[in-house]
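Residue-level structural notes
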Amino acid sequence: MTDKNPDKGYVALLGWSLNAIDAVDRFDRRYVVVAPPWAEEYCQQNDIPFVPWDFDRLNERSHELAHTLEDMGVDVAIPIFEETVEWAGAVNAVLLKNPRLLGQAMLFRDKSLMKRRAQLGGIRVGVFEEAHDRGDVIRFLKRVNQTLLKLDGDPNDPIHFKAFDKSGTAGHRVIRTPEDVDNIPDEEFPALLESHLDGWEFAVEAWIKNGKIEFLNISEYVTLGYSVFVPATPELEAHRERITEEIEKLIEVFDIDFGFIHPEYFLTNDNKLYFGEVAYRPPGFNALELIERAYGFNGYQGLVLAFDPKTTQEELDAFFPKEVVDAKGHAGCFGVYPRRRVVSRLEIPEETASHPFFEFHELSDPREQKVAKRSAFGTHWGLAYFFGDNAHDLRDLLKKQEELDYYV
C-alpha cells in the first residue's frame, strides 16, 4: 500500500468499483469504501477500509452515513455511480458544511429538473416534457410532428423517452409510433420526453477545482450505446474552444465549485451546440480507463484531487497533462451485443483479432444460448478495447464492429 499523507484529504468512495479502489489504493490519500454489505468479506480479505451501507434504502437513517464518516474524520465523499450522486450530495452537505450541495445533487439526478435549470441559465436545449403515462407520450409525439409540418402518411420524426434518474442508455427508448408506446412498461413512468436532435453527439469529461476546469476531454461517440473513443477526431476537436465555453457556462449555471462532470452535447447540422444532460460521476463504457490509455494519468486519482478540499494548485498542475497534444494515441471501446437470437460460444472475429489496433476484450462465453430481445438500448455483454494512432481509422474500425458476430 502506498504511504498515505495525513496532511491531505481523507476521502470516501461511494459505490463499488474495483478499478476505482485499485487506483485510490495506489494514491497518496487515505480512503474508505462505502458499499453494500456483500462487499465486506472481500474488503476484509484484501485489507480495504470499508463501511457497509445499503444505498437502495432511503429512510430516516440516511443522515447517519454522513455523521459516521464525519466521526471517522473523512473530508469529502466521491460518487462512483449514478445511484450514489444524491448520497454524496447529502454527505458532503454535512462534511463541508454546505447545505446547497444536496439540492445540487438532486438537480444532477433528475433529468427534467436538470433541463429546466439549464434552460433558465440560457443554455440551449431541445424541446422536452415530463410524461406520467402513455397518453402523455402519444400527445408529445403528435405535437412534435405537427410542429414539423408532417402530413398524414409521412414517417414520424422520433422522440426520446428517458428515465428521470438512470445513467446513460439505461431506460432510454426511441419512440416513432404509437405501437412503440405500448411496449413501455408501467414501472418506467414518470419519465422525460425529448425531441430528436440530428447531429454529432459527443460527451465531455471535466475535472473541476475552485470553479475552474483543470482537464477537459472530449469523447466522440461512433454509435450511442455501442462505441466511443478519446481523444476525438480533429474535426470535433476543432470545436474545443466553443465546447469549453459551454462547460464553463454549465459550471456557472449549476454552481459547481469542485468535482467531476460528464455532460453530453449535440453539434447540429447548422453548427449549434445543444445541451443533452450532465452527470456528476464517472461515465460508463470505462471512459476513464480509455483516457488513461490515451494520456497516461489515472482518472479516479484525478477525481480524488478534484474533490479533496486540501488539494493544492501545484498538485493539479503536476498531475494533469495538456489536452490532445499530450495524448499518446487514440483509445476506444466497443460494447458487444449478440446479433443472433441463438448463440453457443464466444468467437472474436478474425478481422478484429488480427487488426493492429485491437488490444483485448472483457467478454466471456454465453451462460444461456437464447439471447433475450433487447429492451430499449439493452445492455452490452462486455467491451472490446482498441488503441491506435489515427482517429479516423479507429472510428471506422469501431463502426465496422457493428456488422460482426462476436457470438456464434
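Calculation rules
Residues numbered from 1 in each chain as written. Predicted model: local features only at pLDDT ≥ 70, side-chain atom pairs only at ≥ 80, totals over all residues. Heavy atoms only, no water. Helix = DSSP H or I, 4+ residues; strand = E, 2+ residues; numbered from the N terminus. Pairing = 2+ DSSP bridges. Axes fitted to C-alpha atoms, helices over the stretch in contact; angles between N-to-C directions. Contact = heavy atoms within 4.5 Å. Buried < 20%, exposed > 50% of the residue type's maximum accessible area, 1.4 Å probe, protein only. Arc of directions from axis to C-beta.

The name given to the protein chain in an unreviewed UniProt entry is Carboxylate--amine ligase, with the source organism recorded as Mameliella alba.

Here we come to unusual backbone geometry. Omega for the peptide link from F189 to P190 comes to -5 degrees, which places this bond in the cis form. With respect to the element layout, P190 can be found in the loop between α8 (178-182) and β8 (191-195). Not every positive phi belongs to a glycine, and N210 is a case in point at roughly 55 degrees. Mapped onto the elements of the fold, N210 is located in the loop between β9 (199-209) and β10 (212-223). Positive phi is not limited to glycine here, since N286 has a value of about 50 degrees. As for its placement among the helices and strands, N286 is situated in the loop between β13 (273-279) and α11 (287-295).

With parallel pairing, four strands are arranged side by side in an open sheet as β3-β2-β1-β4. Taken across any chain shown, the strands that pair with only one partner, and hence form the sheet edges, are β3 (50-52) and β4 (76-79). Adjacent strand axes in the sheet meet at a mean angle of 25 degrees when their direction is disregarded. When strand β2 (residues 30-35) meets β3, the two strands line up parallel, connected through three bridges. Across the sheet, the residue bridging to V34 is V51, located in β3. Together, β1 (10-14) and β2 form the strand contacts of helix α1 (residues 18-25), whose direction differs from that of β2 by roughly 165 degrees. Contacts from helix α3 (residues 62-72) reach β1, β2 and β3 within the one sheet, and its direction differs from that of β2 by about 160 degrees.

Bringing the environment of I256 into the picture now. On the secondary structure map, I256 appears in the loop between α10 (240-253) and β12 (258-268). Counting along the chain gives 84 residues from I256 to R340, while the straight-line C-alpha distance between them is 45 Å. Sequence-distant contacts of I256, defined by excluding residues within four places in its chain, comprise Q104, F108, I208, G211, L250, I251, I261 and Y280.

An α-helix turns once per 3.6 residues; consequently, residues spaced three or four apart project the same way. Taken as a whole, α3 has its buried residues at L65, A66 and L69. Within α3, the buried residues cover an arc of 95 degrees as seen down the axis, which keeps them to one side.

The sheet built from eight strands is open, its strands ordered β13-β12-β9-β10-β11-β14-β16-β15 with antiparallel pairing. Two strands close off the open sheet at either side, each with one partner strand: β13 and β15 (358-361). Adjacent strand axes in the sheet meet at a mean angle of 25 degrees when their direction is disregarded. Sheet topology places β10 next to strand β11 (residues 227-230); three bridges connect them, and they run antiparallel. Its bridge partner lying in β11, E220 is registered against F229.

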